[in-house]
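# Chain and residue survey
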Amino acid sequence: MDRFVEQHLPHLLNLLYDSALDASRWPEFFTGVSSTFADASGVLYSVGGKEGADDLNFFFGGDPAFAQSYFDHYAALNPYSLSTLSFPLQKVVPATHVVGLDTVLKSAFYNEWMVPQGIPADHLGVLLGKDEFGGTCFGVNPQEKSFRKNPEQYARMLSLLAPHLWRALRISRTLGLNSLSRDAFAGGLDGLGLPAFVLAATARILAVNALGEQVLSAGQVLTSNRNGELKAAANPVNDKLTAAIKSAAAGALTAPLPLRLEVGDPPCVRVGWIMSVGRNLDQAKGPLARLGEHWGSFGAAFLVLTESALDSDIPAELIEAVFGLSAAEARLVKALIDGRTLQEHAATSGVTINTVRSQLYSVFAKTGATRQSQLVAMVLRVIPRRPPLGRRPHCGQR
């Protein structure tokens, strides 16, 4: 215990308060928690906020596949969720303190999700605090053998860390995650050339790139309210946008979902492509591949805004963003998806066949594909074809 107080706790607190000021550092902090608590797995989550929606879900130290299965299926079966607010405030207790052991042992959540990961029913939990986002709880599960030797010591360690974790979260939320998370975009999403947003299940903006900030400032297509939640400027589509974001954050979208956003007369048209960070971007290349490292375990949604013609089922801009390609390379990939040959694409693009072949080799290098058919199949796995949304004029067209 003395070693924890003298060595491990100061190191964790340095990581923790760095994370409060720079959201891209949270994974590093949780990695430190895992190693300090005997290779523990755990979760930081909030429940009971506005509309009762989970706003925060960050799993660490475990198999990412189990985190995804939680969003896909087991969240609704979790017997602890409904009892989170019954935990004593700022007091570390076994999870069975608020949920009866018999109830847990009989649940599918325990037998199908917890047992395979070695998580005991009486793992440690603490209700860090309550605010407008609901109650925020932190659960830690050290390795069973180490935990059983001295559960009281691990409880004391967590008791010392818990108030600092709550304070760091409050700092982060007060300053605004959307401005603090720009480092997660630096050199990445800011270079996409498209407005991009990372969103919680409540549509609260977790991060936004420079072009996204410009869209919000203009207020013509998308806006944000005083709670930092993304809204469609046109009220008729706002409910659809909110529902799509919630589904994406829960990992319920099997493919990116296009939503037409338009305002004015004649209409200014954009297409908002909404997807799950953890589920839809698992094969992404380039800048978007980094999103999972920062936000995949939070249960976050990703929205990117394009101006592509709406009769095109897969816009080249989206291919460019997801696979980290240049604009010319993305147009080539789209041409191959549409069934055109390299010669046909060269003719319509006004470039030589050698230029097109050079672009294709570059695409192969960036995606790992080795054949055109493999490349097309790879893209369609990530961004399946969808029916046309109907032709409408672009912004500025009449």
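Notes on the structure in this doc start here. What you are looking at is a predicted structure, and each value in this text was computed from that prediction instead of being measured.

To continue, consider the packing of helix 13 (residues 327–337) against helix 16 (residues 372–382). Contact geometry for helix 13 and helix 16: axes closest at 10 Å, N-to-C directions at 95°. The orientation of helix 13 with respect to helix 16, classified from their angle, is roughly perpendicular. Touching V333, L336 and I337 of helix 13 are Q372, L375, V376, V379 and L380, all from helix 16.

The side-chain alternation of strand 6 (residues 196–199) yields two buried faces, one formed by A196 and V198 and the other by F197 and L199. Relative to strand 12 (residues 301–306), strand 6 is paired through 4 bridges, and the arrangement is antiparallel. Each residue of the ladder has a partner; that of V198, found in strand 12, is F302. Direction of pairing for strand 6 relative to strand 7 (residues 205–208): antiparallel, over a ladder of 3 bridges. Bridge pairing in strand 7 places V198 opposite A207.

So, about helix 13. For helix 13, the buried fraction is high: 8 of the 11 residues fall into the buried class. Within the sequence span of helix 13, burial applies to E329, A330, L332, V333, K334, A335, L336 and I337. Contacts made by the buried residues of helix 13 are with helix 12 (316–323), helix 14 (342–349), helix 15 (353–367) and helix 16. With its phi angle positive at about 95°, G339 sits one or two positions after the end of helix 13.

Tallying each qualifying case throughout the model produces 3 salt bridges. The partner of R148 in a salt bridge is E144, with the nearest N and O atoms 2.9 Å apart. Placement of both R148 and E144 in helix 6 (residues 144–149) is noted, with a separation of 4 residues, approximately one turn of the helix. Residue class for R148 comes out partly exposed when judged on its relative accessible area of 40%. As a salt-bridge pair, K366 and E329 come within 2.9 Å of each other at their nearest N and O atoms. Pair noted here: K366 is in helix 15 and E329 is in helix 13, with a separation of 37 residues, a long-range link. Residue class for K366 comes out partly exposed when judged on its relative accessible area of 35%. Assessed through its relative accessible area of 7%, E329 is described here as buried. Here the salt bridges share partners, and the residues they tie into one network are D122, E144 and R148.

Note that an α-helix has 3.6 residues per turn; residues three or four places apart therefore point the same way. Here helix 9 (residues 210–218) has its buried residues at G212, V215 and L216. Angularly, the buried residues of helix 9 cover 95° about the axis, an arc narrow enough to put them on a single face. Facing away from the buried side of helix 9 by more than 90 degrees, the exposed set consists of Q214, S217 and A218. Along its buried surface, helix 9 packs onto strand 6, strand 7, strand 8 (222–224), strand 9 (230–232) and strand 12. Backbone geometry just downstream of helix 9 places G219 in the positive-phi region, at approximately 70°.

Rules and cut-offs
Residues numbered from 1 in each chain as written. Predicted model: local features only at pLDDT ≥ 70, side-chain atom pairs only at ≥ 80, totals over all residues. Heavy atoms only, no water. Axes fitted to C-alpha atoms, helices over the stretch in contact; angles between N-to-C directions. Helix = DSSP H or I, 4+ residues; strand = E, 2+ residues; numbered from the N terminus. Parallel < 35°, antiparallel > 145°, perpendicular 65-115°, else oblique. Contact = heavy atoms within 4.5 Å. Buried < 20%, exposed > 50% of the residue type's maximum accessible area, 1.4 Å probe, protein only. Pairing = 2+ DSSP bridges. Salt bridge = Lys/Arg side-chain N within 4 Å of Asp/Glu carboxyl O. Arc of directions from axis to C-beta.

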